[in-house]
Amino acid sequence: MLVLITYDVNTETAAGRTRLRKVAKQCVNYGRRVQNSVFECILDNAQCVQLKHDLTELIDEEVDSLRFYYLGNSYAAKVEHVGVDRGVAVDQPLFL
């Protein structure tokens, strides 16, 4: 299923900037960045549960936030893009 993950991490402190880098790195491991704090991830249920747990452990719930949008398996008709695209679509193969 396609899961859109957005986050807002308070970066007023050094600890906040560290949390931001860790959240972004964790998201990169599961999907692709489509905007600064927005990732598209193709996940199965187990991966989704694990990623949500990992991200929740990283943030400070008093000052940071996470949002998960579950777009399901029929997401192609639910996503419209205008403007510059950031690389390969999350569901397309990448050849190196």
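For the structure itself, look to the data block above.
Okay, so let's go over this structure.

The rules behind each value
Residues numbered from 1 in each chain as written. Predicted model: local features only at pLDDT ≥ 70, side-chain atom pairs only at ≥ 80, totals over all residues. Heavy atoms only, no water. Phe/Tyr/Trp six-rings, centres within 6.5 Å; stacked < 30°, edge-to-face > 60°. Helix = DSSP H or I, 4+ residues; strand = E, 2+ residues; numbered from the N terminus. Buried < 20%, exposed > 50% of the residue type's maximum accessible area, 1.4 Å probe, protein only. Lys NZ or Arg CZ within 6 Å of the ring centre and 35° of its normal. Pairing = 2+ DSSP bridges. Axes fitted to C-alpha atoms, helices over the stretch in contact; angles between N-to-C directions. Contact = heavy atoms within 4.5 Å.

## Section: the packing of aromatic side chains
Counting across every chain of the model gives 2 aromatic pairs. Aromatic pair Y7 and F39: ring centres 6.2 Å apart, planes at 20 degrees, arrangement stacked. Placement of the pair is Y7 in strand β1 (residues 2–8) and F39 in strand β3 (residues 38–42), with a sequence separation of 32 residues. Here Y7 matches F39 in class, with each residue buried. Aromatic pair F68 and Y70: ring centres 6.5 Å apart, planes at 10 degrees, arrangement stacked. Over the ring of F68 we find K52, and its NZ or CZ is 5.8 Å from the ring centre.

## Comments concerning the sheet that holds β3
Here we have 4 strands laid out as an open sheet, ordered β2-β3-β1-β4, and antiparallel in their pairing. This sheet does not close on itself; its edge strands, each paired only once, are β2 (31–35) and β4 (65–72). The mean inter-strand angle of the sheet, taken between neighbouring strand axes irrespective of direction, is 25 degrees. Relative to β4, β1 is paired through 7 bridges, and the arrangement is antiparallel. Across the sheet, T6 pairs through a bridge with R67, a residue of β4. Along the sheet, helix α2 (residues 45–58) contacts β1, β3 and β4; its crossing angle with β4, the most-contacted strand, is approximately 170 degrees.

## With respect to the pairing of β2
Moving residue by residue along a regular strand, the side chains alternate between the two faces of the sheet. In this sheet, β3 lies alongside β2 in antiparallel orientation, the contact comprising 4 bridges. Residue Q35 lies in a different strand from β3, and its bridge partner there is V38. Remark: 2 residues form the turn of the hairpin made by β2 and β3, two consecutive strands paired antiparallel.

Remember that the coordinates give geometry; whether it matters functionally is a separate question.
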